[in-house]
Amino acid sequence: MLEPGVWGQIPLFTIPRTLTNDTIRALSERPVSGWDNAKAVLDEIAAERGLSRGARYRTAALLRLALAVRAAEGTRLLPEVLLRDLPDGRNTIRLVLQRAGLLASAPQPLRLFRTGRPASPTRPATSRAARCRSPRSCADCQAWMPSGQYGSRCTPCQHWREKLARGACARCHRDGLPLRKGRYRGCRPYRLLDEARPTTSCYTQLLIDVPTGISGPLPPIPVDELPGPGLLSAPTHAAAGQEQLFVIQRDWTRLLPHLRGRNTAELVLTGTATRLLEDFKQVLHERRSPSRNTNIRTLNILAYWCGAETAIPERDIYDLARTGADLKAKTVCQFLRDRGLLFQDPDLHRDGALTWIESTLAALPEPLGDEVEQWVEAIRSQGRHEVELHSYGDIRPYLTSLKPVLTEWAEAGVLSLREITRHHVETVVNAHSGRARRKLTVVLRSLFKVLKRARVVFRDPAQHLSVGNPKGIPKPVPSDLLTNALQQTKTPLGRLAIVLAAVHAVPRHELRTIMTRDLDLARGTLVIHRGLLRHTLYLEELTHRITVDWLDYRHRRWPASTNPHLLVSQRSALDPDHPPVGKTLLRSDVLRGLTLAGLRQDRILNEAVESADPLRLMRLFGIKEATAMHYVTVAHPERTARLPR
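Residues numbered from 1 in each chain as written. Predicted model: local features only at pLDDT ≥ 70, side-chain atom pairs only at ≥ 80, totals over all residues. Heavy atoms only, no water.

Visitor: Looking at this structure, how should I read the overall build of the protein chain?
Guide: Secondary structure summary: the protein chain contains 26 helices and 11 strands in total. Buried positions account for 40% of the 645 residues belonging to the protein chain. Sequence separation of 24 or more characterises 62% of the internal contacts of the protein chain that already satisfy a separation of 6 or more. A total accessible area of about 38500 Å² is found for the protein chain, and carbon and sulfur atoms account for 52% of it. (Helix = DSSP H or I, 4+ residues; strand = E, 2+ residues; numbered from the N terminus. Buried < 20%, exposed > 50% of the residue type's maximum accessible area, 1.4 Å probe, protein only. Contact = heavy atoms within 4.5 Å. Areas by Shrake-Rupley, 256 points an atom, 1.4 Å probe, with all protein chains shown as cover.)

Put into structure tokens, the structure is as follows:
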């Protein structure tokens, strides 16, 4: 009941209130703004008029009700016309608010009768106009009137027709309308705009005829000053808590020419925006961000143009960052999100691989694209049969190798995969060699196998297609490169990555996902999660010492880091989103001529040469039986060769 509104917010609609004694009783215990000042003025007036104790109590209750209406309107001064909604005592309350400086007096003397009072009994019933039963527009100003309005014209236009002479409007040239200085009521507010910028158009803004807290004629529309060669003036910022009626994408290209070569410190910001910018500078200083100036410049422009009282759309921030190399978006979005000032866009947080897959499938002919989409859904474990779950990042490389083949078949007139024969498959496979051939063969066998199981195709033309060895033959690392690999690696991060790959055969993609909580230095163990399975590494003295050196370096370099990953970098250590370390960084920290995949293969191959036991390889490195047998076969071909029958 009379919930306080947002101070300074202009209401779109103002509906007359029904205030009764029940409303007064409901507000008796609620604190209202401006009560102390108004109560002092009420005591003075009560002493001047000699009001009784009961009359003073009744007037005080009405005064609290008027102040509650003022808070609900969100205005510093209560419009005088709203006093009509009070049950009684309107003239006394008006006098109290005027002396207290809390009343916005009407331009003309106002009689405080209630809006919905009954007609005088002396007025004949036949003089009343017909009542409008449905919403309609005013016959003169075209304003939209709510249901229940009497007559075909709104109340202000009825007063104009009674007092002013009729004629043709000088602006819209409509005849038979009441005019004031040559213009009718709807064209009157445009007089200043027409004088400043003469135009042949006669448009007017849509009006909605509902009771408002402002009386008097419509104010003229102000004329905006044309922007000079300097900086464009910022638009009016929305008030705190005010939501947008329409969301329109901004065009930052019109603002940037005025900002090019200009110091953003010259932009005049509000107090809230200034404090927000100072907090952002402090956060960047704690993070030691390398792009500090570009992030500050981006937030400075946003605070100047959009304000700091309401949430800023995330799409606008990225659109602004794309217009110049000296602007950044990610850090600014994270800062505004933590403070509740970011309106996130779900489209910006979609999986990039999923977006690429959808665009690729949409470019294919409809029957062919639908069949490939069913294959993608099936290997995503969304089909009829449950299979091993593949991420969109795993599916994208498969579809990348398959895309040229599908495009070639579509250009040849193939509309469905049901038309593909064994000859088509062998032709496209024989056109490739090496690793590309093996990869394409694996994808084609998976595609037709899944579609045949789903009863999309009748036969599998790639069923007995020779894949070869998809993993290739592992090769040992030259001993001269492996000997001084740790001594020549300069960074603690690189040494830890090398020792985990070369001693414990940890793959590169698992190095990026190891969590700090999975490391137990007291027991000398490191747990690696592989789906629902876990593989425990027992750290020997070398790995234990290098891990301790890395943790000590990380704590001294980034003491405020909350990233749960064991391996972090300059960008990921203090990132609020806690991303894993980048693949490029791991690759760059390894010496030239070495790779983490090559070190891992060399370690498993060396163990296979020593033991020739696939079960030992599976327990030691957490690999599958097929992988273990593959390394044993390469290390001891004489023991695994098939003898002729």
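Let's pick the thread back up.
Visitor: Help me understand a nonpolar patch on the surface, please; the structure alone is not making it clear to me.
Guide: Nonpolar side chains collect at one region of the surface, where Trp 144, Leu 206 and Ile 208 lie side by side and expose about 340 Å² of accessible area between them. With respect to the helices and strands, Trp 144 occurs in strand E4 (residues 144-145). (Patch = residues over 30% accessible without salt bridge, like charges linked within 9 Å, V, L, I, M, F, W, Y side chains within 5 Å. Salt bridge = Lys/Arg side-chain N within 4 Å of Asp/Glu carboxyl O.)

Visitor: Can you walk me through helix H23 (residues 596-611) in this structure?
Guide: Compared with an ideal rise of 1.5 Å per residue, which puts 16 residues at 22 Å, H23 spans 23 Å between its outermost C-alpha atoms and is within 8% of the ideal. Within the sequence span of H23, burial applies to Leu 596, Gly 598, Leu 599, Arg 600, Asp 602, Arg 603, Ile 604, Leu 605, Glu 607 and Ala 608. Just past H23, the residue Ala 612 takes up positive phi, approximately 60°. (Expected span 1.5 Å × (residues − 1).)

Visitor: When you look at the pattern of salt bridges in this model, what are you seeing that I'm missing?
Guide: As a working rule, side chains carrying opposite charge can pair if their charged atoms are close by. The final tally for this structure, using the stated rule, is 22 salt bridges. A salt bridge links Asp 575 to Lys 330; its shortest N-O distance comes to 3.2 Å. Taken together, the positions of Asp 575 in the loop between helix H21 (541-557) and helix H22 (583-588) and Lys 330 in helix H11 (residues 330-338) put the pair 245 residues apart, joining distant regions of the chain. Residue Asp 575 is classed as buried on the basis of its relative accessible area, which comes to 9%. Of the charged contacts, one joins Asp 577 and Arg 337 as a salt bridge, the two residues approaching to 2.9 Å between their closest N and O atoms. One end of the pair, Asp 577, is in the loop between H21 and H22; the other, Arg 337, is in helix H11, and 240 residues separate them in sequence. Here Asp 577 falls in the partly exposed class, since its relative accessible area comes to 41%. Here Arg 337 falls in the partly exposed class, since its relative accessible area comes to 30%. It is possible to trace a salt-bridge network through shared partners that takes in Asp 140, Arg 153 and Arg 161.

Visitor: Honestly, the nonpolar core in this entry has me stumped. Any pointers?
Guide: Of all hydrophobic cores here, the largest spans 36 residues; its most connected members are Trp 375, Trp 409, Leu 417, Leu 444 and Phe 448. Dropping the residues within four chain positions of it, Leu 444 is found in contact with Leu 402, Trp 409, Val 425, Val 428, Val 429 and Ala 462. Counting 33 residues, the second largest nonpolar core, distinct from the first, contains Leu 299, Leu 302, Ala 321 and Ala 329. (Core = buried A, V, L, I, M, F, W, Y, C linked by side-chain atoms within 4.5 Å.)

Visitor: How should the sheet that holds strand E11 (residues 533-538) be read in this particular structure?
Guide: One key point about sheets: their strands pair by backbone hydrogen bonds, in either a parallel or an antiparallel sense. The antiparallel open sheet is built from three strands, whose spatial order is E9-E10-E11. Only two strands of the sheet have a single partner each, and these edge strands are strand E9 (519-520) and E11. As paired elements, E9 and strand E10 (residues 525-530) share two bridges and run antiparallel to each other. Opposite Leu 519, over in E10, you have Leu 526 as the bridge partner. (Pairing = 2+ DSSP bridges.)

Visitor: Can you help me understand the side chain of Thr 294 in this one?
Guide: When you line up the elements, Thr 294 lands in helix H9 (residues 292-306). Residue classification places Thr 294 among the buried positions, given a relative accessible area of 18%. Excluding its chain neighbours within four sequence positions, the residues that come into contact with Thr 294 are Asp 326, Leu 327 and Lys 328.

Visitor: Just checking my understanding: could you explain a negative patch on the surface for this structure?
Guide: A contiguous patch of negative charge on the surface is contributed by Glu 366, Asp 370, Glu 373 and Glu 377. Checked against the element boundaries, Glu 373 lands in helix H13 (residues 366-379). Looking at Glu 373, the relative accessible area reads 36%, which means it is partly exposed. (Lys, Arg positive; Asp, Glu negative; His and termini not counted. Charge placed at Lys NZ, Arg CZ, Asp CG, Glu CD.)

Visitor: Is there a simple way to explain the environment of Val 414 in this structure?
Guide: Position of Val 414 relative to the elements: it lies in the loop between helix H14 (392-411) and helix H15 (422-430). Between the C-alpha atom of Val 414 and that of Pro 365, which follows or precedes it by 49 residues, the distance is 9.3 Å. Beyond its immediate sequence surroundings of up to four residues, Val 414 is in contact with Trp 409, Glu 419 and Ile 420.

Visitor: Would you take a moment to explain the pairing of E11 for this structure?
Guide: A regular strand places its side chains so that they alternate between the two faces of the sheet. Where E10 and E11 come together, six bridges link them in antiparallel fashion. Bridge pairing in E11 links Val 527 to Thr 536. The antiparallel hairpin formed by E10 and E11 contains two residues in its connecting segment, where Gly 531 sits at a positive phi of about 70°.

Visitor: Quick question: what am I supposed to make of the packing of helix H3 (residues 53-73) against helix H4 (residues 90-100) here?
Guide: Two packed helices can be described by the angle between their axes and the distance between those axes. Orientation of H3 relative to H4, taken along the N-to-C sense of each, is 65°, at an axis distance of 10 Å. Crossing geometry of H3 relative to H4 is assigned as right-handed. For the pair formed by H3 and H4, the contact residues are Thr 59, Leu 62, Leu 63, Ala 66 and Leu 67 on the first element and Thr 92, Ile 93, Val 96 and Leu 97 on the second. Of the residues in the contact of H3 with H4, the class split is seven nonpolar, two polar and no charged. (Axes fitted to C-alpha atoms, helices over the stretch in contact; angles between N-to-C directions. Left-handed = near helix turned anticlockwise from the far one by under 90°. Nonpolar A, V, L, I, M, F, W, Y, C, P; charged D, E, K, R; others polar.)

Visitor: I keep staring at the packing of aromatic side chains and nothing clicks. Help me out?
Guide: For any pair of aromatic rings, the description rests on two quantities: the centre-to-centre distance and the angle between the ring planes. Applying the stated criterion across every chain, the model contains four aromatic pairs. Seen in terms of ring centroids, Phe 280 and Phe 335 are 4.8 Å apart; in terms of plane orientation they differ by 50°. Their pairing is tilted. Of this pair, Phe 280 sits in helix H8 (residues 271-287) while Phe 335 sits in helix H11; the two residues are 55 residues apart in sequence, bridging distant segments of the chain. Like Phe 280, the residue Phe 335 is buried in the burial classification. With a centroid separation of 6.1 Å and an interplanar angle of 85°, the aromatic rings of Tyr 553 and Trp 558 are classed as edge-to-face. For Tyr 553, a relative accessible area of 24% corresponds to the partly exposed category. Site record: aromatic cluster; members linked through ring pairs are Trp 550, Tyr 553 and Trp 558. The ring of Tyr 190 carries Arg 171 above its face, with NZ or CZ at 4.5 Å from the centroid. Above the ring of Tyr 184, the side-chain terminus of Arg 174 is found at 5.4 Å from the ring centroid. (Phe/Tyr/Trp six-rings, centres within 6.5 Å; stacked < 30°, edge-to-face > 60°. Lys NZ or Arg CZ within 6 Å of the ring centre and 35° of its normal.)

Visitor: Please explain the side chain of Thr 543 as it appears in this structure.
Guide: Take Thr 543: it is sitting in helix H21. Contact partners of Thr 543, with chain neighbours within four places excluded, come to Val 499, Leu 500, Val 503 and His 504.

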